[in-house]
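Inside the fold
If you want the building blocks of each chain, they are given just below.
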Amino acid sequence: MIQANNITYRIGSKTILKNISVNFEAGKINLILGPNGAGKSTLVKVICNQLKPQEGSVFYEGIDIRKASVAELAKVRAVLSQNTELAFPLKVKEVVMMGRYPHFSVNPTAKDEQAVEEAMHFFDVEGMAERDYLTLSGGEKQRVHFARVVSQIWYPSENGCRYLFLDEPLTFLDVHYQFQFMHKLRELLKQQDLVIVGVVHDLNLAAKFADHLVLLNNGELLSAGTKTEVLTQENMKTAYRLEPVIHNDERGMYLFFE
Amino acid sequence: MKKKSNYKGTFPILLILLVIITFFSIRYGAVSISLEEIFSSCRKFFTEPESMDLTERIFMEIRLPRAILCIFVGASLAVGGTLLQALFRNPIVEPGLIGTSCGAAFGAALYFALGATFGFSVGKWTLPLAACLGALLSTSLVFFLSQSRNSGKSSIVALLLTGIAINALFLSGVGFLSYIARDPQARSIVFWNLGTLSGANWTSVLIVGISTVGTILISLRYAKHLNALMIGEEEAQFLGVNIKSLKWKVLLINVIMVAVATAFVGVISFVGLIVPHLLRIINGSDNRFLIRNSAILGGILLCVADLISRMVLRPAELPIGIVTSVVGVPIFIFLLQRKNYFF
């Protein structure tokens, strides 16, 4: 479980996150929502130890992450950021192998090779293993990075949980792959020691797949809880200045904006 | 995109090529040396060094150290280029572009023009030391001035522009020093700026050899981290890389590597740029392979350039820096125009 307590993050005089406390549990799809500039990406960066908050602290299984080294943390925590671009031509399987870098010193072991192969198979990119990453389409690149970050935490860690952070993972994907990806996440969560935290923009996708939602607005925590608790007409109006019609029937919950 | 060849095959092929080129390099020049003379020279060197004749002496005291120095310098420059390209995540960076070579040239010019006046001297080490200090000064200036105040990150554009500015500054320093220098010193500066291997001897081979082999072996340890850097600084941190310390270490390795080599042979451009490019086309961009292979290919290219520089105006010599530029520029432009080569 990840606990973030009273996080405040400022750049200069501007406060990006104001006193935010949230928990993310293992075995659930945790999604962070909010309008542009609400502080979603910043919150993800704080809880994955990329940014140091001025106030508050983040705990993984009760351990303060400021005490963990960059190298140690990389063995149990993988992060998919927005706009990852490669500076040089590299084969797809080499990009995926980067996920295993925290686990070996000079040459990959058989275990690392296996993790890469299985992760590529899992995300359906093994067919492009030998292709140059730079020649792939946006959606294909995104799937390669899925394989990379998942291969990083492919095996259970000896002590404690594994953590997967996804900052807008669905941006370059078509509907088919968006749904496929969310189903894959669900499949990954069968492993009970995995904590998944993601940022998405599509509220209906969140309504369909999320177990736990966190809604940010203007750097503050507006609401947290299940989809029926968070995706209310009032919250949507505050955050997005739009009043959706919220349907909740046997096919699930969806929001209709007009 | 055509399928790239296997990584493993490249290294032995390059090694064989290097041996062949070295063989040509030690045989031909102002004087051609036969195989028998090479063998007898090697034998006499260990048994009765006094009895060597002129050709045998040329081989043992000029040709052979020159060829070996050439390999070491080529390896240093090429690996230096590979490291910097990886560190700055940019395929057009080379030691010359971020001030290392110009700084070394300035240090050397300072020694040529004012060394006698200052009276500071550590014997034949003075020139290499001056060049190293100059290179360290200019490279760290470029590195720190190009870092953004807010994020502490170095953008590539800022880096290259700062590099241009610092290069111009140090080159005008070199210009000023050659202007105030008397004639023999001024000519030394000019020669040094064009690069020459004619000063090769066993001492320089030993020093450059230690620096080259040592720094390349150390840099292999950072290959994986430099690979991770390819997908961005933040991403590399997520993969467990300590970016700040990596930058420092690689930059320091690079300055030592390039400055020591430059100190003995002068400014030789384009090797550091071309070699990694050529290898990327054959091999992809995995730094673990790039570093190892660029050391060998750098040696090969510089040996060829040296052979050309000795053969074209035989028995006179062309400065090797001119050869590498004349050969390197068209290759570089050709590479830039290739459609399937991405930046």
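No experiment lies behind these values; they were computed from the predicted model shown.

1. As for the overall build of chain B
Helix and strand content of chain B: 14 helices and 0 strands. Walking chain B from its N terminus toward its C terminus, one meets helices and strands in the order α-α-α-α-α-α-α-α-α-α-α-α-α-α. For 343 residues, the compact-globule formula gives about 20 Å, and the C-alpha radius of gyration of chain B, at 20 Å, lands near that figure. In terms of its C-alpha atoms, chain B occupies a principal-axis envelope of roughly 65 × 55 × 35 Å. The buried share among the 343 residues of chain B stands at 54%. A sequence separation of at least 24 residues applies to 77% of the contacts in chain B between residues at least 6 apart. Summed over all atoms, the accessible surface of chain B reaches about 15,200 Å², with 70% contributed by carbon and sulfur. Charged side chains in chain B number 28 positive and 15 negative. The centres of these two groups are separated by 12 Å.

2. What about the UniProt feature "domain: ABC transporter" (unreviewed entry) in chain A?
In the UniProt entry, the feature "domain: ABC transporter" (unreviewed entry) is given for residues 2-243 of chain A. Annotated as 34% helix and 26% strand, the span residues 2-243 of chain A places its first and last C-alpha atoms 32 Å apart.

3. Side note on the environment of Thr196 of chain B
Residues and elements named next belong to chain B. Assignment of secondary structure puts Thr196 in the loop between helix 7 (183-194) and helix 8 (202-221). Linking Thr196 and Cys70, residues 126 residues apart in sequence, is a C-alpha distance of 10.0 Å. Dropping the residues within four chain positions of it, Thr196 is found in contact with Phe191, Phe264, Val265, Glu317 and Ile320. A distance of 2.9 Å separates a polar atom in the side chain of Thr196 from a polar atom in the side chain of Ser198.

4. Focus: the sheet that holds strand 3 (residues 29-33) of chain A
Residue and element names in this part refer to chain A. With mixed pairing, 6 strands are arranged side by side in an open sheet as 6-7-8-3-9-10. Edge positions in the open sheet fall to strand 6 (77-80) and strand 10 (220-225), since each of these has one partner strand only. Each adjacent strand pair in this sheet contributes to an overall mean axis angle of 15°, direction not counted. When strand 7 (residues 162-167) meets strand 8 (residues 194-199), the two strands line up parallel, connected through 6 bridges. Bridging across to strand 8, Leu166 finds its partner in Gly198. Sheet strands touched by helix 9 (residues 233-240): strand 3, strand 9 (212-217) and strand 10. Its angle to strand 9, the strand with the most contacts, is close to 40°.

Each value, and the rule that gives it
- What you see as residue numbers is a count from 1 along each chain, following the sequence as written.
- Chains carry letters and ligands carry numbers; both start at the beginning, A for chains and 1 for ligands, and go up in the order they are written.
- Side-chain atom pairs in this predicted model are given and counted only at pLDDT of 80 or more, local residue features only at pLDDT of at least 70, and totals for whole chains, interfaces and linings cover all residues.
- Heavy atoms from the whole structure form the basis of all side-chain values; hydrogens and water molecules are not counted.
- Under the scheme used here, helices are H or I runs from DSSP no shorter than 4 residues and strands are E runs no shorter than 2 residues, and both carry numbers assigned from the N terminus.
- Atoms counted for the radius of gyration: C-alpha only. Globule rule: 2.2 Å times the number of residues to the power 0.38.
- Partly exposed residues are those whose accessible area sits between 20% and 50% of the maximum for their type, while under 20% is buried and over 50% is exposed, using a 1.4 Å probe and protein chains only.
- We call two residues in contact whenever any of their non-hydrogen atoms come within 4.5 Å of each other.
- The Shrake-Rupley method, run with a 1.4 Å probe sphere, supplies the accessible areas, and residue values consider only the shown protein chains as cover.
- In this count, Lys and Arg are taken as positive residues and Asp and Glu as negative ones, while His and the chain termini are left out.
- Where a charge sits is defined by one atom per residue type, namely NZ (Lys), CZ (Arg), CG (Asp) or CD (Glu).
- UniProt positions are given in the numbering used here, feature names are shortened, and annotations may be inferred rather than shown by experiment.
- In the analysis that follows, any N or O atom pair within 3.5 Å is treated as a polar contact, provided that within protein one partner can donate a hydrogen and the other can accept it, and provided that, for residues neighboring in sequence, both atoms belong to side chains.
- Only strands joined by at least two bridges in the DSSP assignment are considered to pair.
- Think of each axis as a best-fit line through the C-alpha atoms, taken over the contacting stretch in the case of a helix, with angles from 0 to 180 degrees between the N-to-C directions.

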